Amino acid sequence: MQNWQWRLLDSDELAIDLGKKVTQTLSFKRSFLRDRLPQQVSFSMDDAETFQNFADYLDSYSALSSNEQFDIALHATALVRFGKLMLPQSWYFKFGNFGGNEAWPDDYLFCSLNSGTAEADFLIIEKDERCSLCMLVDESFEVGGFKTMQRFEVTRVLNDRLQESQRHPIQRKGSFSSQQWA
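Since we're looking at a predicted model, the values are computed, not measured.

Conventions used here
- Residues numbered from 1 in each chain as written.
- Predicted model: local features only at pLDDT ≥ 70, side-chain atom pairs only at ≥ 80, totals over all residues.
- Heavy atoms only, no water.
- Disulfide = S-S within 2.5 Å.
- Buried < 20%, exposed > 50% of the residue type's maximum accessible area, 1.4 Å probe, protein only.
- pLDDT = per-residue confidence, 0-100.
- Contact = heavy atoms within 4.5 Å.
- Helix = DSSP H or I, 4+ residues; strand = E, 2+ residues; numbered from the N terminus.
- Pairing = 2+ DSSP bridges.
- Phe/Tyr/Trp six-rings, centres within 6.5 Å; stacked < 30°, edge-to-face > 60°.
- Lys NZ or Arg CZ within 6 Å of the ring centre and 35° of its normal.
- Axes fitted to C-alpha atoms, helices over the stretch in contact; angles between N-to-C directions.
- Parallel < 35°, antiparallel > 145°, perpendicular 65-115°, else oblique.
- Left-handed = near helix turned anticlockwise from the far one by under 90°.
- Nonpolar A, V, L, I, M, F, W, Y, C, P; charged D, E, K, R; others polar.

Some thoughts on the state of the cysteines
Argument step 1. Following the criterion strictly, the structure yields zero disulfides and no others.
Argument step 2. Of all cysteine sulfurs, the one in C134 lies closest to C131, which takes part in no disulfide; the gap is 9.7 Å.
Argument step 3. Free of any disulfide, C134 has its nearest cysteine sulfur in C111, 4.0 Å distant.
Argument step 4. Classification of C134 as buried rests on a relative accessible area of 0%.

Dropping the structure here:
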């Protein structure tokens, strides 16, 4: 990671040089990224820590291949570093079971969003007490019958729209696990 470099390609696409002449272009719409990106910047220690945190989480809770996990962690890291501030678009999604008195647990990064016509899994990239920035990890997701999101696209939603993902089920107080009876 010490030789990795973020680069802006001629076509205005974000890419990362991984060393040994390997470059990976990231699958973002330009509208998800800040306006003034540097032509080239080193992969920082903060980037490395962010990448490793996402990679460890995905390794623990995802059945995706190691290549898919790497791509998702890399895209998530790029969003943390270069993502544009977005306003919530919660009106596209149904309410979840969280909000009000019960907050979304901080150590659960997988969530699901339901548009009424479809449901898909997302990775929470950033979260505060009110909103979450979520990146699609499924291949595609139909939003409201008129728009289809593709893997790595992001949306910001109010936390009361977050729903549990089966990739990392949430243990709630008062729920029983098989270990309690062992």
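Focus: the confidence of the model for the protein
If pLDDT is low for a region, its predicted coordinates should not be looked at in detail.
Argument step 1. Per-residue pLDDT for the protein has a mean of 87; in total, 92% of the residues score no lower than 70.
Argument step 2. Per-residue pLDDT stays below 50 along residues 175–182; that stretch engages in three contacts with residues further than four places along the chain or on separate chains.

Examining the pairing of strand 10 (residues 154–158)
Argument step 1. For strand 10, a buried count of four out of five residues is recorded, marking the element as mostly surrounded by other parts of the structure.
Argument step 2. Relative to strand 10, strand 7 (residues 131–136) is paired through five bridges, and the arrangement is antiparallel. Paired with C131 across the bridge in strand 10 is L158.

Here's the deal with the packing of aromatic side chains
Argument step 1. Applying the stated criterion across every chain, the model contains 12 aromatic pairs.
Argument step 2. Relative to F82, the ring of W6 has its centre 5.3 Å away and its plane inclined at 85°; by these criteria the two rings are edge-to-face. Of this pair, W6 sits in strand 1 (residues 5–8) while F82 sits in helix 2 (residues 66–82), placing them 76 residues apart in sequence. For the residue pair W6 and F82, the accessibility class agrees, reading buried in each case.
Argument step 3. The interplanar angle of 10° and the centroid separation of 6.2 Å between the aromatic rings of F93 and F141 together place this pair among those described as stacked. With a gap of 48 residues between them, F93 in the loop between helix 2 and strand 5 (110–114) and F141 in strand 8 (residues 140–143) connect regions that are remote in the sequence.
Argument step 4. Relative accessible area serves as the criterion here: at 2%, F141 is assigned to the buried category.
Argument step 5. Three or more aromatic residues joined by ring pairs make a cluster, and in this case those are W4, W6, F43, F51, F70 and F82.
Argument step 6. Lying over the aromatic face of F95, R161 brings its terminal NZ or CZ to 4.0 Å of the ring centre.
Argument step 7. Looking at R167, its charged tip hangs above the ring of F110, at a distance of 5.5 Å from the centre.

Digging into the packing of helix 1 (residues 45–61) against helix 2
Argument step 1. Where helix 1 contacts helix 2, the axes come no closer than 9 Å and their chain directions differ by 140°. If you check the angle between helix 1 and helix 2, you find them oblique. Crossing of helix 1 against helix 2: the hand is right-handed. The segment helix 1 lies against helix 2, with D47, T50, F51, F54, A55, L58 and D59 engaging Q69, F70, I72, A73, L74, A76, T77, V80 and R81.
Argument step 2. The residue makeup of the contact of helix 1 with helix 2, split by class, is 10 nonpolar, three polar and three charged.

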